[in-house]
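Listed below, chain by chain, are the residues.
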Amino acid sequence: MALDGKGIIVLDNGGYNIKAGYVSPEEKSRGCDVENVSSPPEVFPNAVAKPPKKSSNVVTKRNGGFLVSAELYDLPSYSGLFFRRPIERGYVKEWDLQKDVWKYVFTQSKVDPKESCLVVTEPIALPGSLRRGMDELVFEEFGFASYHSAPPAALVARYFDMTDGLVLDSGFSFSHAVPILNSGAQQQYSRRLDLGGKVLTNQLKEVVSFRSWNMMDEFLVINAAKEELCYVAQDFLPELEETRLPLNEGNKTMIDYVLPTHVSDKENRLGYSRPSALAPARVKGEPSQQVQPTLTLNSERISIPEAMFHPTDLGLHQGGLHEIIAESIAALPKQLQGRVYNNIVLSGGNCKFPGFEKRLMAELRALAPEEFDLVPTMDKDPELSAVKGVR
């Protein structure tokens, strides 16, 4: 992502990760395909973290005990990290933290803000007070010549060359269904669900902590387990019944997640999965502390993502993702609804759950008028769709 004259820095400023890209003037003038440009998007944690006091890592000593963004990857263990995030409930609340993370991103990406323009994402219907905070950060702290802010859905629509349609953006903090008309995001018809990946990870933390090991301080580990093992059931209740079967009687859901320990190698700092049948037998007389701690996940693998379709299971009195899509489209003029149903783009990290697209379309089919066809589209990595929209 090297700087070559004035160009455009692109930041999809998410609550969990920042997706960063750089478009040089040469790439922009050539109209390069996003898959073949010399500087593909990079992903950085949008957080600062403080390890336990027992950590003696050089990086923490250098930065007053805190690790900024991807510096946490230098730690030998992720256990017990305390996180502070600039973004809470989808909005930037800690501007000083956001400044530190952006500074790290620009330094690692070898770009000069003063020689670049900025395109940054912001939540749809952003309050004016928060926009003023963004103005101060962009111009006074980093000295950008100019900048443009837009909802992630607008950049996703641009990436897919969408004129009329709908973007479902389901990320870390929340989910939005945003209609696109004449290539523009329509705020007045948008619908929001206050549920994202953070809620799902926190729910999984609580479940496994109640049933097994206390994992309330292990957000990264549980988030990794969620991303690797959870999937969307196509018919939830029958599949839930199957999880009640013993492993030797047809239970195909049960699986073990081996937790990291202080002796885990660098590649397994977040743990790893293995079939439950492969759990090593304990040797008689062997000390229990030598047995690697393991979480056995069963019904949680499908019940956690199920909350995206039934938020009331978590006490959230809102409709599921399919319902906010249907509500958003129903608010449009009747003559436009068919075209929007015919072009639905899925973006955001939650869309990566196996089975997500198929289940969402099945649920939406039951709500949509029969005369309208449902045509979903999703990038191979839906988490990067927005940052690719400026190519």
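Scroll up a little and you will see the structure.
Residues numbered from 1 in each chain as written. Predicted model: local features only at pLDDT ≥ 70, side-chain atom pairs only at ≥ 80, totals over all residues. Heavy atoms only, no water.

## Thoughts on the environment of Ile302
Then comes step 1: For Ile302, the location among the structural elements is in helix H9 (residues 300–306).
Then comes step 2: In this structure the C-alpha to C-alpha distance between Ile302 and Leu240, which are 62 residues apart in sequence, comes to 7.7 Å.
Then comes step 3: Once you skip the residues sitting within four places of it in the chain, Ile302 turns out to touch Tyr231, Ala233, Phe236, Glu239, Leu240 and Thr243. (Helix = DSSP H or I, 4+ residues; strand = E, 2+ residues; numbered from the N terminus. Contact = heavy atoms within 4.5 Å.)

## Describing the nonpolar core
Then comes step 1: Residues Leu168, Met308, Tyr341, Phe356 and Leu360 are the most contacted members of the largest nonpolar core, which totals 46 residues.
Then comes step 2: Setting aside residues no more than four positions away along its own chain, Phe356 makes contact with Leu168, Val232, Met308, Phe309, Leu321, Leu346, Asn350 and Cys351.
Then comes step 3: Membership of the second largest hydrophobic core comes to 24 residues, among which are Leu11, Ala20, Leu118 and Val138. (Core = buried A, V, L, I, M, F, W, Y, C linked by side-chain atoms within 4.5 Å. Buried < 20%, exposed > 50% of the residue type's maximum accessible area, 1.4 Å probe, protein only.)

## What to know about the side chain of Lys388
Then comes step 1: One can find Lys388 in helix H13 (residues 385–388).
Then comes step 2: What makes Lys388 buried here is its relative accessible area of 6%.

## What to know about the packing of helix H6 (residues 197–211) against helix H7 (residues 219–229)
The description of two helices packed together rests on the angle between their axes and the distance between the axes.
Then comes step 1: Where H6 contacts H7, the two axes come as close as 9 Å, and the packing angle between them is 105°. On the basis of their axis angle, the class for H6 and H7 is roughly perpendicular. On H7, the residues that touch Gly197, Leu200, Thr201, Asn202, Leu204, Lys205 and Val208 of H6 are Phe219, Ile222, Asn223 and Lys226.
Then comes step 2: Residues of the contact of H6 with H7, tallied by class, amount to five nonpolar, four polar and two charged. (Axes fitted to C-alpha atoms, helices over the stretch in contact; angles between N-to-C directions. Parallel < 35°, antiparallel > 145°, perpendicular 65-115°, else oblique. Nonpolar A, V, L, I, M, F, W, Y, C, P; charged D, E, K, R; others polar.)

## Focus on the sheet that holds strand S6 (residues 82–84)
Then comes step 1: Here three strands make up an open sheet; going across it, the order is S5-S4-S6 and the pairing antiparallel. Taken across any chain shown, the strands that pair with only one partner, and hence form the sheet edges, are strand S5 (67–68) and S6.
Then comes step 2: Both strand S4 (residues 48–50) and S5 contribute to a ladder of two bridges, which runs antiparallel. Residue pairing in the sheet places Ala49 in a bridge with Leu67 of S5. (Pairing = 2+ DSSP bridges.)

## Side note on unusual backbone geometry
Then comes step 1: With a phi angle near 60°, Lys110 is a residue other than glycine that sits in the positive phi range.
Then comes step 2: Here Lys110 is to be found in the loop between helix H3 (95–109) and strand S9 (116–121).
Then comes step 3: On the accessibility criterion, Lys110 (60% relative accessible area) is exposed.
Then comes step 4: Notably, Ser183 is not glycine yet its phi reads approximately 70°, a positive angle.
Then comes step 5: With respect to the helices, strands and loops of the structure, Ser183 is situated in the loop between strand S12 (175–181) and strand S13 (184–185).

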